[in-house]
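# Observations on the three-dimensional arrangement
Here are the chains, one letter per residue:
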Amino acid sequence: MAEIKEPMEPYRIKVIEPIPSTTRKERDALLRQAGFNVFQIAADKITIDLLTDSGTSAMSDNQWAGMMMGDESYAGARNFFHLEDTVKDIFGFSHVIPTHQGRAAERILFEGMVKKGDHVPSNIHFDTTRANVEVLGANAVDLAAPAAYDPDSPHPFKGDMDVDRLKKFIESKGAKKVPLVMLTITNNSGGGQPVSLKNIKEVSRICRQYEVPFFFDACRFAENAFFIKKREKGYAEKSVLEIAQEMFSYADGATMSAKKDALANIGGFVTLDDDALSDKLKNLLIISEGFPTYGGLAGRDLEAVARGLREVLDEDYLEHRTGQVAFLGDLLAAGGVPFFKPTGGHAVYVLADRFLPHILRHKYPGWALTVALYREAGIRAVEIGGVMFAKKERKSGKEIYPELELVRLAIPRRVYTASHLRYVADALIELHANRDKVRGLRIVREPLFLRHFTARLEEI
Ligand SMILES: *Cc1c(COP(=O)(O)O)cnc(C)c1O
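Residues numbered from 1 in each chain as written. Predicted model: local features only at pLDDT ≥ 70, side-chain atom pairs only at ≥ 80, totals over all residues. Heavy atoms only, no water.

### Digging into the sheet that holds strand S14 (residues 406–410)
This is how the line gets drawn: A strand pair is defined by DSSP finding two or more bridges across the two strands. Helix numbers and strand numbers start at the N terminus; a helix is a DSSP run of H or I with at least 4 residues, a strand a run of E with at least 2. Fitting a line to C-alpha atoms yields each axis, with helices limited to the stretch in contact; the angle taken between N-to-C directions then spans 0 to 180 degrees.
Read from one edge to the other, the open sheet built from three strands follows the order S9-S14-S11, with strand pairing classed as antiparallel. Each end of this open sheet is capped by a strand with a single partner; those strands are strand S9 (347–351) and strand S11 (382–384). The sheet shows a mean angle of 35 degrees between the axes of neighbouring strands, direction not considered.

Spelled out as structure tokens, the structure:
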């Protein structure tokens, strides 16, 4: 067994926040109250929170200092111009439209581009992009290459889109029915896996050929760029900034959640070149988000995002960031816990159907694992499987499950140390040894969209 490399934090700790401890009995009662849905449990009852890496980053002293420089003018705040300059430098598009978070950017972009009956391909849509496409009566299509669904393939770029399928898809539907192509970097719903520059270029070429706009869902662009530097031939000597600039140079725009690779707790933006579309989006923005120089954010938030976008490109940071994820993966591998390989940029994705082979898909093994992990160890993770992504057959109501049944252990940026990750690995290894005791669940109440946030379940 190779020695497990423990990455050293490239920062020291200046402010701390205590984390709670609870008893198993308390956690069992909390789960029942919460309808066995860990989204419904108060955060001060969570010991290690790996629900998401979204908005959970620890900001730096530099970002907090920037917060004090917030200009809260309604229009034309200086922090907007700082953000605009920063985004233009990294992304290279001429318009920058701030939003309160990523899904707001998606909503205005899709409202501006997508009509009922249209088709929007991606490698794999994230749940909010899928919902924002579907709510408009359009079809969100996943066209990831086959490796994306193979948890054991060592392919270095499992986020890649299947470009042959993309071409055939556009031809079969007609380019007029495909208002844009999205590419999610890294591919969150497919294991946080990166997309190669080679693939980005090919997708771009096809989009140009059929005159279909090409947008990134760029939430984790820096992690994606770092993987390109590490894994793709010809990029080892380039800086992450240069790689990011090259990635974006092949597209027409991007949506971004600043809660991921902008190291901020809130924020997002759309950035694009098309002047007419930009005007349209700004009008949509004003209706629900705010004036185009603040887009639903305070001036101080714009500043934190602008500074975070620079910090996230620091290569010591990215080495540690991806190193932490690999470290958790190595510990789990040594303990025999099955997970999606190789580890991605922001999370380890446990293969819940292999972890709990006695629980069939309609009893939601991924969800069952999130419940067990909380009950046994106070750890919160998220299911990315049947509850989140099942589709219902129109007539019978029968559920069709996504290919992968995952539990994501998302690692917040700059928040937990190696000892926290050891605690998580130990808990999962222990749970794996006692997996026969974990029970499946049934859904007793669910909403129409994004049901995983509010559904209530019970154990069978
Ligand atoms: C988080 C996320 C979004 C949505 O961003 P929010 O800020 O949560 O609204 C969209 N796409 C991907 C890939 C994401 O990870």
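### As for the side chain of Asn188
Selection rule: Pairs of residues are marked as contacts when any of their non-hydrogen atoms sit within 4.5 Å.
Here Asn188 shows up in the loop between strand S5 (181–184) and helix H7 (197–210). Ignoring any residue separated from it by four or fewer positions in sequence, one finds Asn188 in contact with Phe126, Arg220, His346, Tyr349 and Arg408.

### Considerations on the domain arrangement of the protein chain
Put simply, the rule is: An automatic or database domain assignment supplies the start and end points of every domain. Each of two parts loses accessible area, computed with a 1.4 Å probe, when they are put together; buried area is these two losses added. The salt bridge definition used is simple: a Lys or Arg side-chain nitrogen within 4 Å of an Asp or Glu carboxyl oxygen. Two N or O atoms form a polar contact when they lie within 3.5 Å of each other; inside protein one atom must be a possible hydrogen donor and the other a possible acceptor, and for residues adjacent in sequence the pair counts only when both atoms belong to side chains.
The assigned domain composition of the protein chain is domain 1 (24–53 + 314–459) and domain 2 (61–311). The straight-line distance from the C-alpha centre of domain 1 to that of domain 2 is 26 Å. At the interface, 33 residues of domain 1 touch 40 residues of domain 2. Buried area between domain 1 and domain 2, summed over both chains or domains, comes out near 2,900 Å², and the portion from carbon and sulfur atoms is 55%. Across the domain 1-domain 2 interface, the total number found is eight salt bridges. Here Glu319 ties to Lys230 by a salt bridge, and the two come within 3.0 Å at their closest N and O atoms. Taken together, domain 1 and domain 2 are joined by 22 residue pairs in polar contact (both at pLDDT 80 or more).

### Comments concerning unusual backbone geometry
We count it as follows: Note on exposure labels: buried denotes an accessible area under 20% of the residue type's maximum, exposed denotes more than 50%, and partly exposed covers the range between, all computed with a 1.4 Å probe on protein chains only.
Looking along the chain, the bond that leaves Ile185 and enters Thr186 is cis, with omega of -25 degrees. In this structure, the amide linkage connecting Lys341 to the following residue, Pro342, adopts the cis form with an omega of -10 degrees. Mapped onto the fold, Pro342 is located in the loop between helix H12 (315–334) and S9. Its identity as a non-glycine residue notwithstanding, Phe36 has a phi of 50 degrees, on the positive side. Summarising the element assignment, Phe36 is placed in the loop between helix H1 (24–33) and strand S1 (48–49). Of note, Glu211 is a non-glycine position whose phi angle comes to about 55 degrees, a positive value. On the secondary structure map, Glu211 appears in the loop between H7 and strand S6 (214–217). Judged by relative accessible area, which is 72%, Glu211 ranks as exposed.

### Things to note about the site of the ligand
Threshold: One heavy atom within 4 Å of a molecule or strand makes the whole residue count as near it. The Shrake-Rupley method, run with a 1.4 Å probe, gives the accessible areas here. Residue values count only the displayed protein chains as cover. Residue type decides the class: Asp, Glu, Lys and Arg count as charged, Ala, Val, Leu, Ile, Met, Phe, Trp, Tyr, Cys and Pro as nonpolar, and the leftover types, Gly among them, as polar.
Residues in close proximity to the ligand total 15 residues, the closest being Arg103, Asp217, Arg220, Ser257 and Lys260. The contact in question runs from an oxygen atom of the ligand to an N or O atom on the side chain of Gln101, over 2.8 Å. Within the contact set of the ligand, an oxygen atom lies 2.8 Å away from a side-chain nitrogen or oxygen of Lys260. In isolation the ligand has 380 Å² of accessible area, and contact with the protein removes 98% of it. Per-element accounting of the shell around the ligand gives the leading share, three residues, to helix H4 (residues 102–113). Looking at the shell around the ligand residue by residue, the class counts come to two nonpolar, seven polar and six charged.

### Some details on helix H11 (residues 299–311)
Because an α-helix packs 3.6 residues into every turn, residues spaced three or four apart end up facing the same way. Using the following cut-off: Expected span of a helix, by definition, is 1.5 Å for each gap between consecutive residues, and there is one gap fewer than residues.
For H11, spanning 13 residues, the distance from its first C-alpha to its last is 19 Å, which sits close to the expected 18 Å at 1.5 Å a residue. Of all 13 residues in H11, eleven are buried, a share of seventy percent or more.

### Concerning the side chain of Ser257
With respect to the helices and strands, the residue Ser257 is situated in strand S7 (residues 253–257). Apart from residues no more than four positions distant in its own chain, Ser257 is found in contact with Gly102, Cys219, Gly267 and Gly268.

### Some points on the environment of Thr322
Its place among the elements puts Thr322 in helix H12. Judged by its relative accessible area of 9%, Thr322 falls in the buried class. With 24 residues separating them along the chain, Thr322 and His346 place their C-alpha atoms 7.0 Å apart. Once you skip the residues sitting within four places of it in the chain, Thr322 turns out to touch Phe226, Phe227 and Gly345.

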